[in-house]
Amino acid sequence: MRSSKVFLSTLVILAAALPSVAATAERPNVLVILCDDLGYGDLACYGNETIRTPNLDRLAAQGLRLTDCYSASPLCSPARAGIMTGRTPSRSGIYSWIAPKNPMYLKKDETTVATLLRDAGYDTCHVGKWHLNGYFNDARHTQPGDH
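Residues numbered from 1 in each chain as written. Predicted model: local features only at pLDDT ≥ 70, side-chain atom pairs only at ≥ 80, totals over all residues. Heavy atoms only, no water.

(A) Molecular detail of a nonpolar patch on the surface. Together, Leu31, Ile33, Leu56 and Leu59 line one region of the surface with nonpolar side chains, adding up to about 370 Å² of accessible area. Mapped onto the elements of the fold, Leu31 is located in the loop between helix 1 (2–24) and helix 2 (54–62). Residue Leu31 is classed as exposed on the basis of its relative accessible area, which comes to 63%. (Patch = residues over 30% accessible without salt bridge, like charges linked within 9 Å, V, L, I, M, F, W, Y side chains within 5 Å. Areas by Shrake-Rupley, 256 points an atom, 1.4 Å probe, with all protein chains shown as cover. Salt bridge = Lys/Arg side-chain N within 4 Å of Asp/Glu carboxyl O. Helix = DSSP H or I, 4+ residues; strand = E, 2+ residues; numbered from the N terminus. Buried < 20%, exposed > 50% of the residue type's maximum accessible area, 1.4 Å probe, protein only.)

What follows is the structure, given as structure tokens:
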């Protein structure tokens, strides 16, 4: 829970500062990479001496690395909900892994970091695993583009 709040708070501060940044310089890019089952020490940029990750190391060297974070949940869907909303996952209605055709989904009225960035003038996109609804590409549940 703490890490999601810290992460979302950081992004909210960033989004709030963007109008002044945009007025004086080019706006920074924001890229969030989420990998399932990747541990803190699994990348060379975090000290792994065996696994080589040159492309991720290069991204890390050019940007911000978070070094003291924790997942909102040990389960995939609630952890994603925590990152997207900064809330305890169960408060956003996501309390477990979401299997296909499960009625659980991230509600449209949830404020997400993507919405905050979009409202600050950023173009946003989602690439890869959404896993915040049981009916993907189905109007019964919100989809990535809704956030």
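Structure shown, so let's carry the discussion forward.
(B) Up close: the packing of aromatic side chains. According to the stated counting rule, one finds zero aromatic pairs in the structure shown. A cation over an aromatic ring shows up here: Arg65 above the ring of Tyr46, its NZ or CZ 4.8 Å from the ring centre. (Phe/Tyr/Trp six-rings, centres within 6.5 Å; stacked < 30°, edge-to-face > 60°. Lys NZ or Arg CZ within 6 Å of the ring centre and 35° of its normal.)

(C) Region of the structure containing the side chain of His141. For His141, the position within the fold is in the segment after helix 4 (113–119). Given a relative accessible area of 7%, His141 falls into the buried group. Within the local environment of His141, its side chain forms a polar contact with the backbone oxygen of Pro103, the two atoms lying 3.4 Å apart. The residues contacting His141, other than those within four sequence positions of it, are Asn102, Pro103, Met104, Tyr105, Asn133, Gly134 and Tyr135. (Polar contact = N/O pair within 3.5 Å; in protein donor to acceptor, adjacent residues only side chain to side chain. Contact = heavy atoms within 4.5 Å.)

(D) Examining helix 3 (residues 76–85) more closely. Counted residue by residue, helix 3 has nine buried out of ten residues, so it is predominantly covered. Within helix 3 the residues assigned to the buried category are Cys76, Ser77, Pro78, Ala79, Arg80, Ala81, Gly82, Met84 and Thr85. Just downstream of helix 3, Gly86 is the residue with a positive phi angle, here 75 degrees.

(E) Broad picture of the nonpolar core. Ala81, Met84, Ile94, Ile98, Met104, Leu106, Val113, Ala114, Leu117, Tyr122, Trp130 and Leu132 form the largest nonpolar core, which has twelve residues in total. Contributions of two or more residues to this core are made by helix 3 and helix 4. The leading source of residues in this core is helix 4, at three residues. Leu132 has contacts with Ser77, Arg80, Ala81, Met84, Ile94, Ile98, Tyr105 and Leu106, leaving out every residue within four places of it along the chain. (Core = buried A, V, L, I, M, F, W, Y, C linked by side-chain atoms within 4.5 Å.)

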